[in-house]
Amino acid sequence: MKRCIFLLFLMLLLGSLNLHATYAEDLQSLLDNLGDGEVLHLENKTYEGNIVITKPMEIVGSEDTVIRGDGLGNVISIEAPGVKLKNLTVTNSSMTRNDAEEYAAIKIHSDGNIINNVTITDSFHGIYLSQAHENVIENCHIIGLGDGTIGGQGNGLHIYFSNNNLFKNNFVDGARDGMYFEYSNDSEAFGNYLTNNRYGLHYMYSHDNTFKENIFTSNKGGAAVMESFRNVLENNQFIYNYGHKSFGILLLMANDTVIENNTLFFNQRGLYIDSSTNNLIQNNHIVQNHIGIELWASSNEQVFTLNKIEENIIPVFTLGGQGRNYWNKDGQGNFWGSDFPVIDLDQNKIGDVPVIYQSSLTELIGDQELTYLFLKSPAIKIYDKVNQLFNEPKIMFEDSSPIVMDKWINTYWVWLMLAGIFVLFIIVKGRFLLCTMYGRNGRKM
Amino acid sequence: MHYVWKEWKENVKGKGLWISFGIIVLVSLFLLFKSSSLSFEQGIYILQINLFDMMIYLIPIFCLFLGAFSLFQEKEQKTLIMLLTRRDTFTGFLLKKTIAVQTLLIIPIVAWFLIYLLPIKFLFEIDFISYGALIVSFICLTLVFTQLGMMIGSVSRSIMQIVGFAVAIWFYFFFLHDFILLSFLSDVSYDNVKFFSIVYFLNPISAARIFLESALGTYNFDHMSKLLQTFMWLKPGIFLLINVCFYMIVSFAIGVVFHRKEGKE
């Protein structure tokens, strides 16, 4: 009798184990049985991966549809062109770094696919495009493993040798790089939100890409453009990339980049330019960064025009000597905020005298990394001024046509109103006690 | 408790406390209005950093003056002599006075910044841990500078001396300390960075700033250079704790040892 019960238990156990395999086979066989271009609607349940899509089709999930990988490879591999994935959660790819292949939740090897509204968790790379062109990745939500494991995981969106792709309204949190482009050209990215990554955006050897209206926040670095040419960064926000080595935008050996209408706010460095040539930095708002623009002497032919560079602790910092850079274009320089008062007697909105910023901190910042600890100290500006008396200060920039802006009314009226209320309060309080006072023997005072 | 109640009654009659807290309230409200356009997720961190940067101008100087005048008032009104002719020693008196003044200053500051959370809640996503770190850093600054203020009150003979000492201490911590460190910065190497670190963290403003910014995640201690790693040889919270204990004990001891009566001897 005991043997029978044991055998029955064993059969049930094997049956249940086999069930998982059946789910996986089910999904794969469902896909295999579909005809070209057919639509597969998945139920509100967890399907076991991994799956390989070898023909054009559309897979549409429901609210709680999950495709779960076995942790040994890519969860979904798309080999065929024209595949559409919609409303899915994909999870559990292999995390190994010992294989020749880097795994991802969704790996695309083909052209013209659309991935829409897919959530990805617990995967090495989120979506990996390998020699895949003209794909659309939109509304995807990729959650990395977070801060402690940034080195041990892949990128949110990894684009490798892939051209003409569109990335729209995606969210990447806690990956290595939010979006990583390598040898990938002519792609466009709009409205993506990249946070808590190493770099929000990382271009390597990638040219002619456009990056518009994206938000980069709380990354180690906002956008790093390296060895890449003719890229356009426009209308993006780089906010609170604030670690001691952080930056809003890094240009490293990047040429002919157009950086226009971006907001660089509250970063350790707003713009960090090294070994780069012929970039146009125009109409950006570079505000409240530790260093507005850090420019290495190896960088030449940068043009800065019509930027609002204000309230930075150090507006511009030039290291390693002066390169050939231009602080105005067609007679229009930059607005430098209240730290650099500008006279405009002829009222043509261009300052009558150049704005020149000198500093003696160059060598200190260049040689001693601990200097960054003092950037917020009120002492640093005084130290700089005193140091200038004893050492020859170096010119950081000279803008011969600084912009003059109309004073605009902001929330100062609120401040004035509150101050008025406060003064009134103190005056009135002088005549009346704010609470009942008791003196000796409990008598009211 | 008697001392706390006495302190409250004395301060509530005067304008110093009200003006100080009024300014703190106004400045923090102003910063809130100014930050209202920031993003929902990150705005809280930016507001906290701005708030700290602004409060380091206010809290130290207010605490120095309020602490000093509170003690000096006991001398001026001869209540100190009355208290000491009873059973109290000066050390006992200073201890009770310290508890009273610290309580009186810390409770309203903490209360205000807890009330301040309400409007913040409508504007930003609140991270309670980092906000707690902000309040802790304010408490630490209050503790240190109030105690230093009480030391000034204890060793001073006149109001002019108090003003002089308070401004000098404030100037030292606000400018001079960092200025001196900046002057030696180019000579800092891996061999002496630990000593440099000790001196750096002796400034309560720097210790509180690093503590706060590390709690906000702005200083990441994962991928530091060897120099920076040696510089941060303790956790920021421990640096701050040591700093607070050091200044409270030292200024209390100086207040007791160098205590002087009012007027010329």
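Predicted, not measured: the structure shown is a model, and the values here were computed from it. (Residues numbered from 1 in each chain as written. Chains lettered and ligands numbered in written order. Predicted model: local features only at pLDDT ≥ 70, side-chain atom pairs only at ≥ 80, totals over all residues. Heavy atoms only, no water.)

Undergrad: Give me the lowdown on the interface of chain A and chain B, citing residues and values where you can.
TA: Think of interface size as the accessible area that goes away when the parts come together; that is how it is often given. With 48 residues of chain A at the contact, the number on the chain B side is 50 residues. Both sides together, the interface formed by chain A and chain B hides about 4400 Å², and carbon and sulfur atoms give 73% of it. Among the residues chain A hides against chain B, the three largest losses belong to A:Y240, A:L373 and A:F374. Together they make up 14% of the total. Across the chain A-chain B interface, the total number found is one salt bridge. Between B:D53 and A:K376 there is a salt bridge whose closest N-O contact spans 2.4 Å. On inspection of chain A and its partner chain B, the count reaches six residue pairs in polar contact (both at pLDDT 80 or more). Going through the elements one at a time, β18 (193-195), α3 (379-390) and α4 (412-431) of chain A are the ones with two or more residues in the side of chain A that touches chain B. A total of 10 residues in the side of chain A that touches chain B trace back to one element, the largest contributor, which is α4(A). Class assignment of the residues belonging to the side of chain A that touches chain B gives a composition of 31 nonpolar, 11 polar and six charged. (Contact = heavy atoms within 4.5 Å. Buried area = accessible area lost by both parts, 1.4 Å probe. Salt bridge = Lys/Arg side-chain N within 4 Å of Asp/Glu carboxyl O. Polar contact = N/O pair within 3.5 Å; in protein donor to acceptor, adjacent residues only side chain to side chain. Helix = DSSP H or I, 4+ residues; strand = E, 2+ residues; numbered from the N terminus. Nonpolar A, V, L, I, M, F, W, Y, C, P; charged D, E, K, R; others polar.)

Undergrad: Outline the packing of helix α2 (residues 16-35) of chain B against helix α3 (residues 43-76) of chain B, supporting the account with residue identities and numerical values.
TA: Residue and element names in this part refer to chain B. One can describe the packing of α2 onto α3 by two numbers: an axis separation of 10 Å at closest approach and a directional angle of 170°. Between α2 and α3, the angle is such that the two are roughly antiparallel. Facing G16, L17, S20, I23, I24, V27, S28, L31, L32 and S35 of α2, the residues of α3 in contact are L47, N50, L51, M54, M55, L58, I59, F62 and L66. Partitioning the contact of α2 with α3 into residue classes produces 14 nonpolar, five polar and no charged. (Axes fitted to C-alpha atoms, helices over the stretch in contact; angles between N-to-C directions. Parallel < 35°, antiparallel > 145°, perpendicular 65-115°, else oblique.)

Undergrad: Mind laying out the pattern of salt bridges, listing which residues take part and the relevant values?
TA: Inspection of the entire model under this criterion finds eight salt bridges over all chains. Put simply, A:E294 and A:R269 hold a salt bridge, and the shortest N to O gap is 2.7 Å. Residue A:E294 is located in strand β31 (residues 291-296), and its partner A:R269 is located in strand β28 (residues 269-274); the two are separated by 25 residues in the primary sequence. Under the relative-accessibility criterion, A:E294 is labelled buried at 1%. Residue class for A:R269 comes out buried when judged on its relative accessible area of 3%. Residues participating in the shared-partner salt-bridge network are A:K376, B:D53 and B:R209. (Buried < 20%, exposed > 50% of the residue type's maximum accessible area, 1.4 Å probe, protein only.)

Undergrad: An account of the confidence of the model for chain A is needed here, citing residue identities and associated values.
TA: Residues and elements named next belong to chain A. Here chain A averages 85 in pLDDT, and 86% of its residues register 70 or above. Taken together, the stretch residues 12-22 has pLDDT below 50 and engages in one contact with residues farther than four places along the chain or on a different chain. Contacts of residues 435-440 to residues separated by more than four positions or lying in other chains number 13 contacts, the stretch itself having pLDDT below 50. (pLDDT = per-residue confidence, 0-100.)

Undergrad: So what's going on with the confidence of the model for chain B? Which residues, and what values?
TA: Across chain B, the average pLDDT comes to 86, with 96% of residues at 70 or higher. As a predicted assembly, this complex carries a pTM of 0.82 together with an ipTM value of 0.84.

Undergrad: So what's going on with the packing of aromatic side chains? Which residues, and what values?
TA: When we look at a pair of aromatic rings, we describe it by the centre distance and by the angle of the planes. Following the criterion strictly, the structure yields 46 aromatic pairs over all chains and no others. Look at A:Y199 and A:F247: their rings are 5.6 Å apart centre to centre, the planes differ by 45°, and that puts the pair in the tilted class. Here A:Y199 is found in strand β19 (residues 199-204), whereas its partner A:F247 is found in strand β25 (residues 247-252), with 48 residues between them in sequence. When the ring of B:F65 is compared with that of B:F69, the centres are 5.9 Å apart and the planes differ by 15°; the resulting orientation is stacked. Of this pair, B:F65 and B:F69 both sit in helix α3, four residues apart, which is roughly one turn of that helix. Here the aromatic residues A:F374, B:F196, B:Y200, B:F201, B:F231, B:W233 and B:F239 are joined through ring pairs into a cluster of three or more. Above the face of the A:Y199 ring, A:R198 is positioned so that its terminal group lies 4.6 Å from the ring centre. Between the NZ or CZ atom of A:R269 and the centre of the ring of A:Y272, over which it lies, the distance is 4.8 Å. (Phe/Tyr/Trp six-rings, centres within 6.5 Å; stacked < 30°, edge-to-face > 60°. Lys NZ or Arg CZ within 6 Å of the ring centre and 35° of its normal.)

Undergrad: Which residues make up the pairing of β28(A), and what are the values?
TA: Residues and elements named next belong to chain A. For β28, the buried fraction is high: six of the six residues fall into the buried class. Looking at chain direction, β25 and β28 are connected through four bridges and run parallel. Bridge pairing in β28 links L252 to D274. Summarising the sheet, β28 and β31 pair through four bridges and their orientation is parallel. When the sheet's bridge partners are listed, L271 is paired in β31 with I293. (Pairing = 2+ DSSP bridges.)

Undergrad: Give me the nonpolar core: which residues, what numbers.
TA: Ranked by size, the top nonpolar core spans 182 residues in total, and within it A:L85, A:I106, A:I127 and B:F113 carry the most contacts. It is α3(B) that provides the largest number of residues to this core, a total of 19 residues. In this view, A:I106 contacts A:I76, A:I78, A:L85, A:V90, A:I115, A:V118, A:I120, A:G126, A:I127 and A:Y128; residues no more than four positions away in its chain are not counted. (Core = buried A, V, L, I, M, F, W, Y, C linked by side-chain atoms within 4.5 Å.)

Undergrad: I'd love a proper account of the environment of A:A297, names of residues and values included.
TA: Residues and elements named next belong to chain A. With respect to the helices and strands, A297 occurs in the loop between β31 and β32 (303-305). When the C-alpha positions of A297 and N325 are compared, they lie 9.3 Å apart, and in sequence the two are 28 residues distant. Residue contacts for A297: discarding those within four places in its chain leaves L319, G320, G321 and G323.

Undergrad: Give a description of empty space enclosed by the protein that names residues and reports values.
TA: One pass over the structure, following the stated rule, counts eight cavities of 30 Å³ or more. Of the pockets and cavities examined, the largest cavity occupies roughly 90 Å³. (1 Å grid on protein atoms, 1.4 Å probe; cavity = no way out; pocket = protein on both sides within 12 Å on 5 of 7 lines; lining within 4 Å. Points joined across faces, edges and corners; volume = space filled by probe spheres on them.)

Undergrad: Which residues make up the environment of A:N44, and what values go with them?
TA: Residues and elements named next belong to chain A. Mapped onto the elements of the fold, N44 is located in the loop between β1 (39-41) and β2 (46-48). N44 sits 17 residues away from G61 along the chain, and the two C-alpha atoms are 7.4 Å apart. Non-local contacts of N44, meaning those with residues more than four positions away in its chain, are made with S62, E63, D64 and T65.

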